[in-house]
Amino acid sequence: DAKTTQPTSMDCAEGRAANLPCNHSTISGNEYVYWYRQIHSQGPQYIIHGLKNNETNEMASLIITEDRKSSTLILPHATLRDTAVYYCIVSTGTASKLTFGTGTRLQVTL
Amino acid sequence: KAGVTQTPRYLIKTRGQQVTLSCSPISGHRSVSWYQQTPGQGLQFLFEYFSETQRNKGNFPGRFSGRQFSNSRSEMNVSTLELGDSALYLCASRRGGLTGPYEQYFGPGTRLTVT
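Residues numbered from 1 in each chain as written. Chains lettered and ligands numbered in written order. Predicted model: local features only at pLDDT ≥ 70, side-chain atom pairs only at ≥ 80, totals over all residues. Heavy atoms only, no water.

Before going further, it helps to examine the sheet that holds strand 1 (residues 9-13) of chain A. Residues and elements named next belong to chain A. Pairing within the open sheet is mixed, and its five strands lie in the order 1-9-8-3-4. The sheet is open, and its two borders are formed by strand 1 and strand 4 (45-50), each paired with just one other strand. When strand polarity is set aside, the average angle formed by the axes of neighbouring strands in this sheet is 25°. Note: strand 3 (residues 31-38) against strand 8 (residues 84-92), eight bridges, orientation antiparallel. Within strand 8, the position partnered with Y34 by the bridge is I89. (Pairing = 2+ DSSP bridges. Helix = DSSP H or I, 4+ residues; strand = E, 2+ residues; numbered from the N terminus. Axes fitted to C-alpha atoms, helices over the stretch in contact; angles between N-to-C directions.)

What follows deals with unusual backbone geometry. Between T7 of chain B and the following residue, P8 of chain B, the backbone shows a cis peptide bond with an omega angle of -10°. Within the element layout of this structure, P8 of chain B appears in the loop between strand 1 (5-7) and strand 2 (10-13). One non-glycine residue with positive phi stands out, namely R68 of chain A, at about 65°. Mapped onto the elements, R68 of chain A comes out in the loop between strand 6 (61-64) and strand 7 (70-75). Overall, the relative accessible area of 9% leaves R68 of chain A in the buried class. If you check the backbone angles, E52 of chain B has positive phi at about 70° while not being a glycine. (Buried < 20%, exposed > 50% of the residue type's maximum accessible area, 1.4 Å probe, protein only.)

Before going further, it helps to examine the side chain of R63 of chain B. All names here are of chain B. Along the polypeptide, R63 turns up in the loop between strand 6 (53-57) and strand 7 (64-68). A polar atom in the side chain of R63 sits 3.1 Å from the backbone oxygen of S79. R63 has contacts with N77, V78, S79, T80, L81, E82 and D85, leaving out every residue within four places of it along the chain. (Polar contact = N/O pair within 3.5 Å; in protein donor to acceptor, adjacent residues only side chain to side chain. Contact = heavy atoms within 4.5 Å.)

All names here are of chain B. Checked against the element boundaries, Q6 lands in strand 1. Its relative accessible area of 4% is what places Q6 among the buried residues. A polar side-chain atom of Q6 sits 3.0 Å from the main-chain amide nitrogen of C91. Within the structure, Q6 has its side chain in polar contact with the backbone nitrogen of G109 (distance 2.9 Å). Those residues within four positions of Q6 in sequence are excluded, and the remaining contacts are S22, W34, Y89, L90, C91, G107, P108, G109 and T110.

Here it is, written out as structure tokens:
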């Protein structure tokens, strides 16, 4: 699996958009970008995934650069409940093993 | 639809003992994976079971084993417990198969403390 690089921590004011970057310069053509988050002491929660097109669901948007070497997860209106560690993971579509890095600790504040 | 359930949620064991953790996947999901989370090593993949067969395995000693039943429920066993086995053990399920992509859904975890 390709390695990902994320900032260690980020802050965001409640109600503002949270933009979480991820670098994955060694991504292969058949690898997807997945985002999960983990709220303290809970199991990770799936957020979104994409291959090369931008994706949006009820939780977030995923913007993948044209060369696929980086991506950005966007939480459009962050709330205090979005405070969590966010993991960017690159993996093939059928792979069962997710390689979690250290993620980005997002702190949403009033 | 019910989520992934894990039992027990908390467990305290003594060094040298063995432990069995249980995971019930989301209905219809045939793949179950197990992960260990510790403050020092983060989230690490243990193994995956699909249709009662281990399909993938992480870099853990043989003391860690698992199995899957015909109803897709899974158990993992750790024998001869060591202090370093204290961790949050997470189970995740997904639809599995040869096509994808598939997102994984995690349970709340079992917090194991070895004393």
